[in-house]
Amino acid sequence: MAKEKTRFVYVTYVLSTPEKVFEAITKPEIARRYWGHENVSDWQPGSEWQHVRADPERTVQLIGKVVEVTPPSRLVITWANASQTADPESHSRVTFDIAEYDDMVRLTVTHDELEAGSGMEQGITKGWPLVLSSLKSYLETGRAIDVFAKPKAA
């Protein structure tokens, strides 16, 4: 029996250019600054990509393949925990659509083909807003936010 799939969509507006937003996603040295991870790939369709923790251990946390690349407007990748490489059912897909919008950029991140109710779905619904807020802060002010911050106790 096939597992139910769901998707998560997040839209933000960034005072930047499509080129800078695309680079922030695909250049490891920039992603490290606002994400605490590096997205590592040659960004060619069919190539592998890795989401590598920017710490001394360089832990690979996520893996996937590059599906589509149209700089600076679109990037589509598959996405899975590194421990689930061999299980195609656990892989989801992330689409970054980057569009000029007046004097800013509209960034739409669609994470689909997610298993409904999975740990991955729960993780990304908290993670994407934090990471994309940090990307926005970094590109607009030069300062990222702490993506590893925890809520304060009530």
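Refer to the preceding data block for the structure.
As a convention, each chain's residues are numbered from 1 in the sequence order in which they are written. The model is predicted, so local features are restricted to residues of pLDDT at least 70 and side-chain atom pairs to those at 80 or more, both for listing and for counting; the totals for chains, interfaces and linings are taken over all residues. The basis for the side-chain values is all heavy atoms of the structure; hydrogens and waters are excluded.

What to know about the overall build of the protein chain
Only runs of H or I of at least four residues qualify as helices and only runs of E of at least two qualify as strands under DSSP, and these elements are numbered from the N terminus. When helices and strands are counted, the protein chain shows three helices and seven strands. Traced from its N-terminal end to its C-terminal end, the protein chain shows the element sequence β-α-α-β-β-β-β-β-β-α. Scaling as 2.2 N^0.38, a compact globule of 154 residues should have a C-alpha radius of gyration of about 15 Å, and the protein chain matches this with 15 Å. With respect to the three principal axes, the spread of C-alpha positions in the protein chain is 50 × 45 × 30 Å. Burial classes: relative accessible area under 20% of the type maximum marks a residue as buried, over 50% as exposed, and values in between as partly exposed (1.4 Å probe, protein chains only). Expressed as a percentage of the 154 residues in the protein chain, the buried residues total 38%. Charged residues are defined here as Lys and Arg on the positive side and Asp and Glu on the negative side; His and the ends of the chain fall outside this count. By convention, the point assigned to a charge is CZ for Arg, NZ for Lys, CD for Glu and CG for Asp. Here the protein chain contributes 18 positive and 22 negative side-chain charges, whose respective centroids are spaced 5 Å apart. The size measure is the radius of gyration over C-alpha atoms, and the globule rule it meets is 2.2 Å times the number of residues to the 0.38 power.

Some words on the sheet that holds strand S1 (residues 5–14)
Between any two strands, pairing holds if DSSP finds at least two bridges. What the seven strands build is an open sheet, ordered S1-S7-S6-S5-S4-S3-S2; its pairing is antiparallel. Two strands in the sheet have a free side with no partner beyond their single neighbour: S1 and strand S2 (37–40). Ignoring which end each strand starts from, the neighbouring axes of this sheet average 20° apart. Bridge analysis of strand S3 (residues 48–53) against strand S4 (residues 60–70) gives five bridges, and the strand direction is antiparallel. In the strand pairing of S4, His 51 is matched with Leu 62. We call two residues in contact when some of their heavy atoms are within 4.5 Å. Convention adopted: a line fitted to C-alpha atoms gives each axis, helices being fitted over their contacting stretch, and angles between N-to-C directions are expressed from 0 to 180 degrees. Lying on the sheet, helix H2 (residues 28–35) is in contact with S2, S3 and strand S5 (74–81); it crosses S2 at an angle near 150°.

Comments concerning the side chain of Thr 95
Here Thr 95 lies in strand S6 (residues 92–101). Owing to a relative accessible area of 8%, Thr 95 belongs among the buried residues under this scheme. Apart from residues lying up to four places away in sequence, Thr 95 is in contact with Arg 74, Leu 75, Val 76, Thr 108, Val 109 and Thr 110.

A short note on a negative patch on the surface
On the surface, Glu 19, Glu 23, Glu 29 and Glu 100 cluster together to form a negatively charged patch. Taking the relative accessible area as the measure of exposure, Glu 100 reaches 64% and is therefore exposed. Here a patch means residues that are over 30% exposed by relative accessible area and free of salt bridges, tied together within 9 Å if like-charged and within 5 Å if nonpolar (Val, Leu, Ile, Met, Phe, Trp, Tyr). Here the accessible surface of atoms and residues is derived via Shrake-Rupley with a 1.4 Å probe, and residues count as covered only by protein chains that are part of the display. Salt bridges are counted wherever a side-chain nitrogen of Lys or Arg sits within 4 Å of a carboxyl oxygen of Asp or Glu.

Structural notes on the side chain of Glu 121
Assignment of secondary structure puts Glu 121 in helix H3 (residues 119–141). One buried charged side chain, Glu 121, makes no salt bridge at all; its nearest oppositely charged neighbour is Arg 7, positioned 11 Å away. Once residues within four sequence positions are removed from consideration, Glu 121 is found in contact with Thr 6, Leu 114, Glu 115 and Ala 116.

A short note on the packing of H2 against H3
Where H2 contacts H3, the two axes come as close as 8 Å, and the packing angle between them is 110°. In this view, H2 runs roughly perpendicular relative to H3, as classed from their interaxial angle. Crossing geometry of H2 relative to H3 is assigned as right-handed. Here Ile 30, Arg 33, Tyr 34 and Trp 35 of H2 come into contact with H3, specifically with Trp 128, Val 131, Ser 134, Leu 135 and Tyr 138. Looking at side-chain class alone, the contact of H2 with H3 contains seven nonpolar, one polar and one charged residues. Note on terminology: angles under 35 degrees are roughly parallel, angles over 145 are roughly antiparallel, angles of 65 to 115 are roughly perpendicular, and the others are oblique. Handedness of each helix crossing follows the sense of rotation of the near helix against the far helix: counterclockwise by less than a right angle gives left-handed, clockwise gives right-handed. Under the convention adopted here, Pro, Cys and the residues Ala, Val, Leu, Ile, Met, Phe, Trp and Tyr are nonpolar, Asp, Glu, Lys and Arg are charged, and Gly plus all remaining residues are polar.

Here we look at the nonpolar core
As used in this record, nonpolar core signifies buried Ala, Val, Leu, Ile, Met, Phe, Trp, Tyr and Cys residues forming a set joined through side-chain atoms within 4.5 Å. Counting residues in hydrophobic clusters, the biggest one holds 32 residues, and the most contacted among them are Ile 25, Tyr 34, Ile 77, Trp 79, Phe 96, Leu 107 and Trp 128. Contributing elements (two or more residues each) for this core: S1, helix H1 (18–26), H2, S4, S5, S6, strand S7 (104–115) and H3. Residue contributions to this core peak at seven residues, all from H3. Apart from the residues lying within four places of it in its own chain, the contact partners of Ile 77 are Trp 43, Trp 49, Lys 65, Val 66, Val 67, Ser 92, Arg 93, Val 94 and Phe 96.

Describing a nonpolar patch on the surface
Among the surface-exposed residues, Val 9, Val 11, Tyr 13 and Tyr 101 lie close enough to one another that they form a single nonpolar patch of about 320 Å² accessible area. Tallying contributions element by element places S1 first for the nonpolar patch, with three residues. Mapping Val 11 onto the fold places it in strand S1. With a relative accessible area of 39%, Val 11 lands in the partly exposed category.

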